[in-house]
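Residue-level structure breakdown
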Amino acid sequence: MELHGALVASPGMGHFVPILELGKHLLNHHGFDRITVFLVTDDVPRSKSLLGKSLTEAGPKFVIRFIPLDVSGQDLSGSLLTKLAEMMRMALPNIRSAIMGLEPRPRVFVVDLLGTEALAVAKELEIMRKHVLVTTSAWFLAFTVYMASLDKGILFKHLSSIGALPIPGCSPVKFDKVQDPSKYIRELAESKRIGAEVITADGVFVNTWHSLEPTTIGSFLDPENLGRVMRGVPVYPVGPLVRTAEPGLTHGVLDWLDLQPNDSVVYVSFGSGGALTAEQTNELAYGLELTGHRFIWVVRPPAEDDPSASMFDKTKNETETLEFLPNGFLNRTKDIGLVVRTWAPQEEILAHESIGAFVTHCGWNSVLESIVNGVPMVAWPLYSEQKMNAWMVSEELKIASRLNVADGIVKKEEIVEMVKKVMDQENGNNIRKNAKELMKTAEEALKKTHIPSAYFIQN
């Protein structure tokens, strides 16, 4: 019988890329005859543009299809978590129809963490094995499933009294300040639902590897710690699931990098969804200028109320003027800086020998791409679990400096300080050394198959 897998990703490149990479891994290493990947999106043309070369890898055995959503007139207010959860809820009928139309019927189903309600669809359609892919860290999975296991009163007490959530067997999740849970009712409800649904799966894949998160992965393997919370559902680290740089790619940014000395350029990007306010954009511009270092800055128009605004921006902004930048900034920095509108080939940039540091929002894709290339980071989290990721890379892995975003606007003086902490030869030696050492563990993880060889052909 043909082994066919159906994989579903929620909107956003942070979900598309890992699910596509997992699909290729299953096809190449686990005996699958066919993989069909469904990408949920409210903007198919933009998604195709962002995916670029990934779409060229599709073929008869690796099929990529989009599930379009019309969200016009829908109430998608609230945090990014609640928006994406609601979008995946809206997509459930289309997901069901898409899977029912597949021939042969899939025997394996995988959905990312924001689409766990689709596990019930897979069960209804009698798909043999149902899985969740966690596109971020094992620590975030620990936070999600443990929070779901707690009584609401106990959870609220932790958040409102100590501003932290202790997690068995791994680091506690600390918040910038004591939280008022009543302000996050929708987010907490969605998070607890997702955590409860995760343990209805047959297995969980996580975009990480043992050397990156040994303590947390160890807790999942321990029946006295997170293993108890998972109720026997196995957790498999399958990372790093990242796109590799395309050899020989031609792009103006890469041509510019070819002219720069090794380790001399600061790359600044806040992912496909991140946005800064006008005031913060100005502070960043002045900060980059004051560092005196060469830089590439992927810039987007400011957004005042939503740090994830670019994720839902229907315009490309590639021809929009840069009048929101400080007066004279482009002229003053023309010899050391390159400002790029909207998009740049990140994988190829981070793989370039001229890159010395990455100022990043700490989306997990960006974190892993930086680690895979041995590039130290300046952590600048904007939304969702990015603050957890920023804490991990700066305090635990020690491959980044971290900006203080808790007090609102990050001032140019702090930007200069944190960039120099990574880039300056004397101050940044340990951070760079740690980044290179961690890169080696990523290289080793890429050579391994972390899922048991007979896992998908059992039963």
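Residues numbered from 1 in each chain as written. Predicted model: local features only at pLDDT ≥ 70, side-chain atom pairs only at ≥ 80, totals over all residues. Heavy atoms only, no water.

**A short note on the side chain of Glu385**
Looking at the element boundaries, Glu385 is found in the loop between β14 (377-379) and α15 (386-396). A polar contact is formed between the side chain of Glu385 and the side chain of Thr136, at a distance of 3.2 Å. Residue contacts for Glu385: discarding those within four places in its chain leaves Thr136 and Phe140. (Helix = DSSP H or I, 4+ residues; strand = E, 2+ residues; numbered from the N terminus. Polar contact = N/O pair within 3.5 Å; in protein donor to acceptor, adjacent residues only side chain to side chain. Contact = heavy atoms within 4.5 Å.)

**Some words on the layout of surface pockets**
Estimated volume of the second largest pocket: approximately 520 Å³. Together, 27 residues line the second largest pocket, and Glu21, Pro240, Val242, Thr244 and Leu446 are the ones closest to its centre. Sorting the residues of the lining of the second largest pocket by element identifies α1 (13-29), α13 (346-351), α14 (364-372) and α17 (429-446) as the ones contributing at least two each. Tallying contributions element by element places α1 first for the lining of the second largest pocket, with five residues. Considering only residue class, the lining of the second largest pocket consists of nine nonpolar, nine polar and nine charged. (1 Å grid on protein atoms, 1.4 Å probe; cavity = no way out; pocket = protein on both sides within 12 Å on 5 of 7 lines; lining within 4 Å. Points joined across faces, edges and corners; volume = space filled by probe spheres on them. Nonpolar A, V, L, I, M, F, W, Y, C, P; charged D, E, K, R; others polar.)

**Quick notes on α15**
All of the buried residues in α15 are Gln386, Met388, Asn389, Ala390, Met392, Val393 and Ser394. Residues of α15 that are buried in the fold lie against α5 (138-149), β7 (170-174), α14, β14 and β15 (400-402). Once α15 ends, the next one or two residues include Lys398, with phi positive near 55 degrees. (Buried < 20%, exposed > 50% of the residue type's maximum accessible area, 1.4 Å probe, protein only.)

**Here's the deal with α17**
Over its 18 residues, α17 runs 26 Å from end to end, which matches the ideal 26 Å to within 8%, given 1.5 Å per residue. Against the buried residues of α17 lie α14, β15 and α16 (412-423). (Expected span 1.5 Å × (residues − 1).)

**A few points about the environment of Ala189**
Within the secondary structure, Ala189 is located in helix α7 (residues 185-198). Exposure remark for Ala189: the relative accessible area of 46% places this residue in the partly exposed category. Ala189 sits 154 residues away from Trp343 along the chain, and the two C-alpha atoms are 34 Å apart.

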